[in-house]
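Architecture at a glance
Chain residues, written in single-letter form:
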Amino acid sequence: MGGEVVIIFDFDRTLIEDDSDRWVLTNMGLTELFHQLRPTLPWNSLMDKLLEELHIRGKTADDIAECLKGIPLHPRVIEVIESAHALGCDLKVVSDSNLCYIKTILQHYKIYNCFSEIITNPAVVDGGRLRIFPYHKPDASHACDLCPSNLCKGSVIEQIQASVPESESKILIYVGDGMNDFCPTLKLVEGDSVMARKDFPLLAHILKNSQLVKANVYEWSNGEDLATILHKLISDKSNDDNINLSTTQL
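Residues numbered from 1 in each chain as written. Predicted model: local features only at pLDDT ≥ 70, side-chain atom pairs only at ≥ 80, totals over all residues. Heavy atoms only, no water.

1. A few points about the overall build of the chain
A count of helical and extended segments in the chain gives 11 helices and 8 strands. The C-alpha atoms of the chain give a radius of gyration of 19 Å, which matches the 18 Å a tight globule of 250 residues would have. Dimensions of the chain, computed from the C-alpha atoms along their principal axes, are close to 70 × 35 × 35 Å. Across the 250 residues of the chain, 46% fall into the buried class. Sequence-distant contacts in the chain: of pairs separated by 6 or more residues, those separated by 24 or more amount to 65%. (Helix = DSSP H or I, 4+ residues; strand = E, 2+ residues; numbered from the N terminus. Rg over C-alpha atoms; globule rule 2.2 N^0.38 Å. Buried < 20%, exposed > 50% of the residue type's maximum accessible area, 1.4 Å probe, protein only. Contact = heavy atoms within 4.5 Å.)

Structural data, given as structure tokens:
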């Protein structure tokens, strides 16, 4: 039954309890340099520059990975991810973090294999240092004015929607918190759902522009809320499928 449901998670302050970039900066002594450089570079380039500084200071990719393993992930969120995966839901991450950080954290919590796709900024170890690159190449930048130049989440949602065969019906559930989650929210259609975190920019923009949002909107505050609401949405969909199946058999 879950095979008709695609669940798309933002990562920072949604799937995990904190922001992965800021976690590394804070715990590896880069806060002061971050504030010095913040006005001079876009976020993606700034993160790459700060990782270069870590390399100069003798920190390895393994050191960064160990730091990332300390980021908290709510136990109930882990449970609902495992449950949704077991039911056959298609789980994806769409994030402005990077592949190294996301993969490291999800593997640490033993849920990496629950996700069919991680759509984010590429990251590689080059010459002993971790490098981050933009998801959208500079010569193929998007025209969206709601998203940063390196990643338009709305275009990713459109790609996911376009990949569904015409003979199939998929319901999308998008879970997010930030301003860059508003663009993908606008791509959702009637019957889809968006789960927006209370007291964060996504929900504020939805409330200000409710006439533009076609999806059902659900508010959540913490990992417990997220898990409870998501579990109910999946259960309701499964119950609808059972009703439809019973009606067909009659």
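2. Regarding the packing of helix α2 (residues 20–27) against helix α5 (residues 61–68)
At a closest axis distance of 10 Å, the pairing of α2 and α5 adopts a crossing angle of 110°. Taken as axis vectors, α2 and α5 run roughly perpendicular relative to one another. Considering only the axes of α2 and α5, their crossing is right-handed. Packed against α2, whose contacting residues are Ser20, Trp23, Val24 and Asn27, the element α5 presents Ile64, Cys67 and Leu68 at the interface. (Axes fitted to C-alpha atoms, helices over the stretch in contact; angles between N-to-C directions. Parallel < 35°, antiparallel > 145°, perpendicular 65-115°, else oblique. Left-handed = near helix turned anticlockwise from the far one by under 90°.)

3. Examining the nonpolar core
Counting residues in hydrophobic clusters, the biggest one holds 54 residues, and the most contacted among them are Ile7, Phe9, Ile81 and Phe115. Each residue touching Ile81, except ones within four places of it in the same chain, is listed here: Phe9, Leu15, Leu91, Ile111, Cys114 and Phe115. Among the nonpolar cores identified, the runner-up in size contains 19 residues, and Ile8, Ile160, Tyr174 and Ile206 belong to it. (Core = buried A, V, L, I, M, F, W, Y, C linked by side-chain atoms within 4.5 Å.)

4. Describing the environment of Pro39
If you trace the backbone, Pro39 turns up in the loop between α3 (31–37) and α4 (43–56). Relative accessible area serves as the criterion here: at 70%, Pro39 is assigned to the exposed category. Taking the C-alpha atoms as reference points, Pro39 and Ala196, separated by 157 residues in sequence, lie 29 Å from one another.

5. Details of the packing of aromatic side chains
Summed over the entire model, instances satisfying the criterion amount to 2 aromatic pairs. Between Phe9 and Phe115, the aromatic rings sit 6.1 Å apart at their centres with planes inclined by 75°, giving edge-to-face as the arrangement. Of this pair, Phe9 sits in strand β1 (residues 5–9) while Phe115 is found in strand β3 (residues 115–121), placing the two residues 106 residues apart along the sequence. For the pair Phe9 and Phe115, one class covers both residues: buried. Taken together, a centroid distance of 5.5 Å and an interplanar angle of 75° make the contact between Phe34 and Trp43 edge-to-face. Trp43 shares its class with Phe34; the two are buried. (Phe/Tyr/Trp six-rings, centres within 6.5 Å; stacked < 30°, edge-to-face > 60°.)

6. A short note on the pattern of salt bridges
Counted according to the given criterion, the structure contains 14 salt bridges. Glu66 is the partner of Lys69 in a salt bridge, and the nearest nitrogen-oxygen pair spans 2.9 Å. It is possible to trace a salt-bridge network through shared partners that takes in Asp10, Lys153 and Asp181. (Salt bridge = Lys/Arg side-chain N within 4 Å of Asp/Glu carboxyl O.)

7. Considerations on the state of the cysteines
Applying the stated rule across the entire model yields 0 disulfides. No disulfide involves Cys67; its nearest neighbouring cysteine sulfur is the one of Cys100, lying 11 Å away. The exposure class of Cys67 is buried, given its relative accessible area of 14%. Not part of a disulfide, Cys89 finds its nearest cysteine sulfur in Cys114, a span of 11 Å. (Disulfide = S-S within 2.5 Å.)

8. A few points about the side chain of Arg197
In this structure, Arg197 sits in strand β7 (residues 193–197). At 2.7 Å, the side chain of Arg197 forms a polar contact with the backbone oxygen of Arg13. In this structure, Arg197 is in contact with Arg13, Gly176, Asp177, Leu203, Trp220, Ser221 and Asn222, ignoring residues within four places of it in sequence. (Polar contact = N/O pair within 3.5 Å; in protein donor to acceptor, adjacent residues only side chain to side chain.)

9. What about helix α10 (residues 201–208)?
Within the span of α10, buried status applies to Leu202, Leu203 and Ile206. Projected down its long axis, α10 shows its buried positions confined to an angular sector of 95°, all on one face. Tucked inside the fold, the buried residues of α10 contact β6 (171–176), α9 (182–187), β7 and β8 (216–220). (Arc of directions from axis to C-beta.)

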